[in-house]
Amino acid sequence: RNLTHPSHPSTIYSNKKKYGAPPDAIKATARHILVPTVEDANMILDKLQSEESSFTDLAKQYSTCPSGRSGGALGSFQP
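Remember, predicted model here, so these are calculated numbers, not experimental data. (Residues numbered from 1 in each chain as written. Predicted model: local features only at pLDDT ≥ 70, side-chain atom pairs only at ≥ 80, totals over all residues. Heavy atoms only, no water.)

## Some points on the overall build of the chain
Here's step 1: Regarding its fold elements, the chain presents two helices and five strands.
Here's step 2: When its helices and strands are written in sequence order, the chain yields β-β-β-β-α-α-β.
Here's step 3: Per-residue burial for the chain yields a buried fraction of 19% across its 79 residues.
Here's step 4: For the chain, restricting intrachain contacts to residue pairs at least 6 apart in sequence, the fraction spanning at least 24 positions comes to 51%. (Helix = DSSP H or I, 4+ residues; strand = E, 2+ residues; numbered from the N terminus. Buried < 20%, exposed > 50% of the residue type's maximum accessible area, 1.4 Å probe, protein only. Contact = heavy atoms within 4.5 Å.)

## Comments concerning the pattern of salt bridges
Two side chains with opposite charge may pair up if their charged atoms get near one another.
Here's step 1: By the definition in use, this model includes one salt bridge.
Here's step 2: For the salt bridge of E52 with K47, the shortest nitrogen-to-oxygen distance reads 3.7 Å.
Here's step 3: Judged by relative accessible area, E52 falls into the exposed class, the value being 54%. (Salt bridge = Lys/Arg side-chain N within 4 Å of Asp/Glu carboxyl O.)

## A closer look at the nonpolar core
Nonpolar side chains in soluble globular proteins tend to be buried together.
Here's step 1: By size, the foremost hydrophobic cluster in this structure holds five residues: I33, V35, I44, L58 and A59.
Here's step 2: Here I44 is in contact with I33, V35, L58 and Y62, once residues within four sequence places are set aside. (Core = buried A, V, L, I, M, F, W, Y, C linked by side-chain atoms within 4.5 Å.)

## Observations concerning the packing of helix α1 (residues 38-49) against helix α2 (residues 55-62)
Here's step 1: Running from N to C, α1 and α2 cross one another at 155 degrees; their axes reach a closest spacing of 10 Å. With respect to each other, α1 and α2 are oriented roughly antiparallel. In this structure, α1 crosses over α2, and the sense of that crossing is right-handed. Each of M43, I44, K47 and L48 in α1 lies in contact with α2, whose residues at this interface are F55, L58 and Y62.
Here's step 2: Across the contact of α1 with α2, the residue classes tally to six nonpolar, no polar and one charged. (Axes fitted to C-alpha atoms, helices over the stretch in contact; angles between N-to-C directions. Parallel < 35°, antiparallel > 145°, perpendicular 65-115°, else oblique. Left-handed = near helix turned anticlockwise from the far one by under 90°. Nonpolar A, V, L, I, M, F, W, Y, C, P; charged D, E, K, R; others polar.)

Listed below in structure tokens is the structure:
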């Protein structure tokens, strides 16, 4: 069972072992493509699976989110 300590919410206690927050060097990077319909999403998935276009190119072409201009990049953050 994992619990967080009220005064240290980023610290997880599991099986009586204390684990701190991940090191600063560990980061996740997220990208997305926002489209208005399921049909659009399925068409983009088909193009990705066929490797006919890159994720970045598809985001630039189809995403309705401002992040589409940068290939759908949402940035990096700690998990």
